[in-house]
Amino acid sequence: MSAPTAATAAASGADRCVRAPLPVLGRDVTVPLVTGGEVAYAALDYAASAPALQRVWDDVAAYAPYYGSVHRGAGYLSQLSTDLFENARRTVAEFLGCRDGDQVVFTRSTTDSLNLLAAALPAGCEVLVFETEHHASLLPWRGARVTYLDAPRTPDEAVDALERALAGREPHGPALVCVTGASNVTGELWPVRELAAAAHAHGARIVLDAAQLAPHHPVSVTDLDVDWVAFSGHKLYAPFGSGVLAGRADWLREAEPYLAGGGASRTVSRRADGGVDVEWHDGAARHEAGSPNVIGAHAVASACKALTEEGFENLVARERHLIGKVRTGLAAVPGVRILSLFGDDAPRVGVISFVVEGWNSSHFAAALSAEYGIGVRDGLFCAHPLVRILLGGDPQAQGECGAPEAAPGEKSLNAVRVSFGAGTPDEHVERFVRATAELVAQGAQWDYRTQDGRCVPVV
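Conventions we followed
- Residues numbered from 1 in each chain as written.
- Predicted model: local features only at pLDDT ≥ 70, side-chain atom pairs only at ≥ 80, totals over all residues.
- Heavy atoms only, no water.
- Phe/Tyr/Trp six-rings, centres within 6.5 Å; stacked < 30°, edge-to-face > 60°.
- Helix = DSSP H or I, 4+ residues; strand = E, 2+ residues; numbered from the N terminus.
- Pairing = 2+ DSSP bridges.
- Axes fitted to C-alpha atoms, helices over the stretch in contact; angles between N-to-C directions.
- Patch = residues over 30% accessible without salt bridge, like charges linked within 9 Å, V, L, I, M, F, W, Y side chains within 5 Å.
- Areas by Shrake-Rupley, 256 points an atom, 1.4 Å probe, with all protein chains shown as cover.
- Salt bridge = Lys/Arg side-chain N within 4 Å of Asp/Glu carboxyl O.
- Left-handed = near helix turned anticlockwise from the far one by under 90°.
- Contact = heavy atoms within 4.5 Å.
- Nonpolar A, V, L, I, M, F, W, Y, C, P; charged D, E, K, R; others polar.
- Lys, Arg positive; Asp, Glu negative; His and termini not counted.
- Charge placed at Lys NZ, Arg CZ, Asp CG, Glu CD.
- Buried < 20%, exposed > 50% of the residue type's maximum accessible area, 1.4 Å probe, protein only.

Asks: I'm lost on the packing of aromatic side chains in this one. Help?
Replies: Aromatic ring pairs: the centre-centre distance and the angle between the two ring planes describe each pair. Scanning all chains against the criterion turns up 11 aromatic pairs. Between phenylalanine 85 and phenylalanine 106 the ring centres are 5.3 Å apart and the planes differ by 45°, which places this aromatic pair in the tilted class. Taken together, the positions of phenylalanine 85 in helix α3 (residues 76-95) and phenylalanine 106 in strand β4 (residues 103-107) put the pair 21 residues apart, joining distant regions of the chain. One aromatic cluster is present, built from ring pairs that chain together Phe354, Trp359, Phe364 and Phe432.

Asks: Looking at this structure, how should I read the sheet that holds strand β13 (residues 336-338)?
Replies: Picture the strands of a sheet paired through backbone hydrogen bonds; they go either parallel or antiparallel. Strand order in the open sheet formed by 4 strands is β13-β14-β17-β16, and the pairing between neighbours is antiparallel. In this open sheet, the two edge strands, each paired with only one partner strand, are β13 and β16 (377-379). The sheet shows a mean angle of 30° between the axes of neighbouring strands, direction not considered. Strand direction decides the pairing type here: β16 and strand β17 (residues 415-419), joined by 3 bridges, are antiparallel. Each bridged residue has a counterpart across the sheet, and for glycine 379 the counterpart in β17 is alanine 415.

Asks: Sorry if this is basic, but what is going on with a nonpolar patch on the surface here?
Replies: On the surface, Tyr66, Tyr76 and Leu77 cluster together into a nonpolar patch covering about 340 Å² of accessible area. Mapped onto the elements, tyrosine 76 comes out in helix α3.

Asks: For this particular structure, what's the right way to read the packing of helix α12 (residues 361-372) against helix α14 (residues 426-442)?
Replies: Helix-helix packing is described using two parameters, namely the angle between the two axes and the distance between the axes. At a minimum axis separation of 11 Å, α12 and α14 run at an interaxial angle of 115°. Read as a crossing pair, α12 and α14 show a hand that is right-handed. Contact with α12, carried on its side by Phe364, Ala367, Leu368, Glu371 and Tyr372, involves Arg431, Phe432, Ala435, Thr436, Glu438, Leu439 and Val440 of α14 and no other residues of that element. Of the residues assigned to the contact of α12 with α14, the class counts are 8 nonpolar, 1 polar and 3 charged.

Asks: Just to check I follow, could you spell out a negative patch on the surface for this structure?
Replies: On the surface, Asp150, Asp156, Glu157, Asp160, Glu163 and Glu194 cluster together into a patch of negative charge. Top contributing element to the negative patch by residue count: helix α6 (residues 155-167), with 4 residues.

Asks: When you look at the environment of alanine 230 in this model, what are you seeing that I'm missing?
Replies: Mapped onto the elements of the fold, alanine 230 is located in strand β9 (residues 228-232). Owing to a relative accessible area of 0%, alanine 230 belongs among the buried residues under this scheme. Sequence separation of alanine 230 and arginine 169 is 61 residues, and the distance between their C-alpha atoms is 26 Å. If sequence neighbours within four positions are ignored, alanine 230 has contacts with Thr110, Ser113, Leu114, Leu208, Asp209, Ala210, Ala211, Val244 and Leu245.

Asks: Please clarify how unusual backbone geometry should be interpreted in this entry.
Replies: Note: most peptide bonds trans; most residues except glycine with negative phi. One non-glycine residue with positive phi stands out, namely aspartate 225, at about 60°. In this fold, aspartate 225 is placed in the loop between α8 (221-224) and β9. A positive phi angle, close to 50°, is found at aspartate 452, a residue other than glycine. Tracing the chain through its elements places aspartate 452 in the loop between β18 (448-451) and β19 (454-457).

Asks: I keep staring at the pairing of β18 and nothing clicks. Help me out?
Replies: Two faces belong to every sheet, and in a regular strand the side chains alternate between them. One ladder, built from 4 bridges, connects β18 with β19; its direction is antiparallel. Counted as the bridge partner of tyrosine 448 is proline 457 from β19. Here β18 hands over to β19 after 2 residues, with aspartate 452 in that stretch at a positive phi of 50°.

What follows is the structure, given as structure tokens:
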């Protein structure tokens, strides 16, 4: 499914019949403005953490009085909580279109999931990863032999680059490809199915970072033919500290437990020499030591159900409508440049990064917040090499993640990111477009200064 151009999207008849946004928490929150008064907060930072769906919050609140320990309790609440936890695992498996024999492991986040997989790599495994990845999928492989692939400028170029790298690698041992589904900087969709086919043709496996894809598009392990998928609850409208790694069981079963402790162990006994013998579980419990985050898992399952019931066809159509509004609006503002790897017509989710001529992005984001009540993000978005490439900087330079200023000498090398999703009303993106146009045309109404590494209004 290709995304329309901005002009086409704005004119599309389908825009007039999109559904209302899904109810989320915080939609009635008001925030003060430095210029006086209050305004309803426009949360446009979904790519960092999406607000909780009202449905998720209600489901968590309904369960909370019945919360109990899982797997090892004989009491009614423990049994109920165990059923809830394992039902959540089955719900997530259905949401992801998992195959027979696949495992669903509950983690803390996408970052945690990919670090778990990194710890389970077989000896001698080579990892291939594009430099355009979020740090969660760029950095966990430091203990392995890693091949970093240059940033492609088209989806076909991405597939060709991976094909060449896989064909030329030596020795021919185990290999893993890690790729994002949707960029957290540009929102562009990556050719996951084609990359998976290339990996498998050369005997490699592939893990999909679906942190930005799963909240916006259907993700099927089976249809995409990926070996694993990782995502975070807090980006899927379930901000209760849970994530998921789902996919093939063999590497996980053969690896040492990610954490050693209760729940991961089947039996523990003392030896005559004073040591300890341990038999570990084979299933998902092997990597879920300790008391699991039952509420987090339940919240993720609730979000999966809510999105499935709403229907991704409806969600995608509405998001396309919002993307059209933002891109058309920004295109009309002089000096605004939208960042892109694959071009204006590339399919994308509701994540758009841009720079404004003459503005430091931190200053611009601070003015949006203080003067208009709009929450966006500025910086390098934990994807430093990619943002530097898009802005023409040195991808090898270092910078502080999330800081308004990058490394010394790169003070203007940052961007503004606006992101939205199933809970975003039209008014929020319309206010953002108006505010952007006003700031560019008239400048900020307030004075700002740097405090503790952030640009803040002078008070």
